[in-house]
Amino acid sequence: MANRKFLTEAETLELYRVSLDNVERQPEIAAAMADRGYEADTINQGKSLLANAMQLFETNRIEDDETSAAYAAYSVAKENLENTYGVHRKLAKVVFKNDGLVMDRLSILGGIPKAYTAWLGKVKTFYSELNKDPSLQTKLERLKVSVEEIQEALNQIGVLEAARSEYLREKGESQKTTKSKDDALEEIDDYMSDFYAVAKVALASEPQLLESMGKLVKS
């Protein structure tokens, strides 16, 4: 990283933009840097690296936002199903407390797993068994668990699975763009590290010109 220990990525990219822009805008800086090998072609190489890094930074920011939104939707869907299942499971344990076979069929013996896959497996078993057995539905109706509620719970399972798939897809895309962004930042960092080192030499007698490039280089 090129002297940006205390800067955010956005702040660093803006600093680089200002520095490269001022090389072109200020003839004195352009001449001094050209005398040290940083002519227009070399500066344009840096600007190209910067443009790529800024584009990937923005792409990554968008992907991160989309991942956050997808995770929020997944979290809501999971919480909704957890609440629904929690109530129905408790009521089913009351209704079927003397029927171990049914409780086993409904997978409500023992505790509720914390791991997502194991938990969802029990939820699916519970509702699929209820959905296909009218006699169980009738017994649950005594405690006001309707067939419609069972169907709605099955719908919630579908919503949850879709939300989780979307979240994992967005997460994968975000990780991919993060890698691309990090690689691009490393490239522009390396370039600017040399750029500032040369600028410090080229403009040693005119520190005010160094300040016009963001004063990243300390005397």
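The preceding data block contains the structure.
Parameters and conventions
- Residues numbered from 1 in each chain as written.
- Predicted model: local features only at pLDDT ≥ 70, side-chain atom pairs only at ≥ 80, totals over all residues.
- Heavy atoms only, no water.
- Helix = DSSP H or I, 4+ residues; strand = E, 2+ residues; numbered from the N terminus.
- Core = buried A, V, L, I, M, F, W, Y, C linked by side-chain atoms within 4.5 Å.
- Buried < 20%, exposed > 50% of the residue type's maximum accessible area, 1.4 Å probe, protein only.
- Contact = heavy atoms within 4.5 Å.
- Salt bridge = Lys/Arg side-chain N within 4 Å of Asp/Glu carboxyl O.
- Axes fitted to C-alpha atoms, helices over the stretch in contact; angles between N-to-C directions.
- Parallel < 35°, antiparallel > 145°, perpendicular 65-115°, else oblique.
- Nonpolar A, V, L, I, M, F, W, Y, C, P; charged D, E, K, R; others polar.
- Phe/Tyr/Trp six-rings, centres within 6.5 Å; stacked < 30°, edge-to-face > 60°.
- Lys NZ or Arg CZ within 6 Å of the ring centre and 35° of its normal.
- Polar contact = N/O pair within 3.5 Å; in protein donor to acceptor, adjacent residues only side chain to side chain.
- Patch = residues over 30% accessible without salt bridge, like charges linked within 9 Å, V, L, I, M, F, W, Y side chains within 5 Å.
- Areas by Shrake-Rupley, 256 points an atom, 1.4 Å probe, with all protein chains shown as cover.
- Lys, Arg positive; Asp, Glu negative; His and termini not counted.
- Charge placed at Lys NZ, Arg CZ, Asp CG, Glu CD.

Enquirer: What is the right way to look at the environment of Val 159 in this model?
Expert: Within the secondary structure, Val 159 is located in helix α7 (residues 147–202). Separated by 23 residues in sequence, Val 159 and Leu 136 place their C-alpha atoms 25 Å apart.

Enquirer: How should I be thinking about the nonpolar core in this particular structure?
Expert: Counting residues in hydrophobic clusters, the biggest one holds 28 residues, and the most contacted among them are Phe 96, Leu 106 and Tyr 127. Within the residue set of this core, elements represented by two or more residues are α3 (40–95), α4 (100–105), α5 (116–132), α6 (134–141) and α7. Excluding its chain neighbours within four sequence positions, the residues that come into contact with Tyr 127 are Thr 84, Tyr 85, His 88, Ile 150, Ala 153, Leu 154 and Ile 157. The next biggest cluster of nonpolar side chains, apart from the first, holds 25 residues, and it includes Ile 29, Ile 43, Ile 188 and Phe 195.

Enquirer: So what exactly am I meant to see when it comes to the pattern of salt bridges here?
Expert: Two side chains of opposite charge can pair, provided their charged atoms sit close to one another. All chains considered together, the criterion is met by 16 salt bridges. Residue Glu 129 pairs with Arg 105 through a salt bridge whose shortest N-O separation is 3.0 Å. Here the residue Glu 129 occupies a position in helix α5, and Arg 105 occupies one in helix α4, the gap between them amounting to 24 residues. A salt bridge links Asp 183 to Lys 179, with the nearest nitrogen and oxygen atoms 2.8 Å apart. Taken together, the residues Asp 183 and Lys 179, both in helix α7 and 4 residues apart, mark about one turn of the helix.

Enquirer: What's the story with the packing of α5 against α6 in this structure? I'm lost.
Expert: Helix-helix packing is described using two parameters, namely the angle between the two axes and the distance between the axes. Across the interface, α5 lies against α6 with an axial gap of 5 Å and an inter-helix angle of 100 degrees. Put simply, α5 runs roughly perpendicular to α6. Of α6, the residues touching α5 (which contributes Glu 129, Leu 130, Asn 131 and Lys 132) are Pro 134, Leu 136, Gln 137 and Leu 140. Classifying every residue of the contact of α5 with α6 gives 4 nonpolar, 2 polar and 2 charged.

Enquirer: Before we go on, may I ask you to explain the packing of aromatic side chains in this structure?
Expert: Aromatic rings considered in pairs are described by the distance between their centres and by the relative angle of their planes. One pass over the full model with this rule turns up 13 aromatic pairs. Both rings, one in Tyr 85 and one in Phe 126, keep their centres 5.4 Å apart while their planes meet at 80 degrees; by these two values the pair is edge-to-face. Highlighted residues: Tyr 85 in helix α3 and Phe 126 in helix α5, separated in sequence by 41 residues. A residue is classified by how much of its surface remains accessible, and Phe 126, at 0% relative accessible area, is buried. Among the aromatic side chains, those forming a connected cluster through ring pairs are Tyr 16, Tyr 38, Tyr 191, Phe 195 and Tyr 196. Here the guanidinium or amino end of Lys 78 rests over the ring plane of Trp 119, the centre of that ring lying 4.9 Å away.

Enquirer: Please explain the environment of Asn 60 as it appears in this structure.
Expert: If you trace the backbone, Asn 60 turns up in helix α3. For Asn 60, a relative accessible area of 3% puts it in the buried group. Expressed as a C-alpha distance, the spacing of Asn 60 and Glu 11, which sit 49 residues apart in the sequence, is 16 Å. With residues up to four places along the chain from it excluded, the contact list for Asn 60 reads Ser 174, Thr 177, Thr 178 and Lys 181. Within the structure, the side chain of Asn 60 is placed 2.8 Å from the side chain of Thr 178, a separation counted as a polar contact. Here Lys 181 takes part through its side chain, which lies 3.5 Å from a polar atom of the side chain of Asn 60.

Enquirer: Even after reading the chapter, I still don't get the environment of Ser 68, so can you show me in this structure?
Expert: Tracing the chain through its elements places Ser 68 in helix α3. Judged by its relative accessible area of 48%, Ser 68 falls in the partly exposed class. The spatial distance from the C-alpha of Ser 68 to the C-alpha of Ala 53 is 22 Å, given a sequence separation of 15 residues.

Enquirer: Can you help me understand a negative patch on the surface in this one?
Expert: A grouping of Glu 186, Glu 187, Asp 190 and Asp 194 is seen on the molecular surface, where their side chains present a negatively charged patch. Judged by relative accessible area, which is 43%, Glu 187 ranks as partly exposed.

Enquirer: Can you help me understand the side chain of Thr 84 in this one?
Expert: Position of Thr 84 relative to the elements: it lies in helix α3. Here Thr 84 falls in the buried class, since its relative accessible area comes to 18%. Separated by 3.0 Å, the side chains of Thr 84 and Gln 156 make a polar contact. Setting aside chain neighbours within four positions, we find Thr 84 in contact with Tyr 127, Ala 153 and Gln 156.

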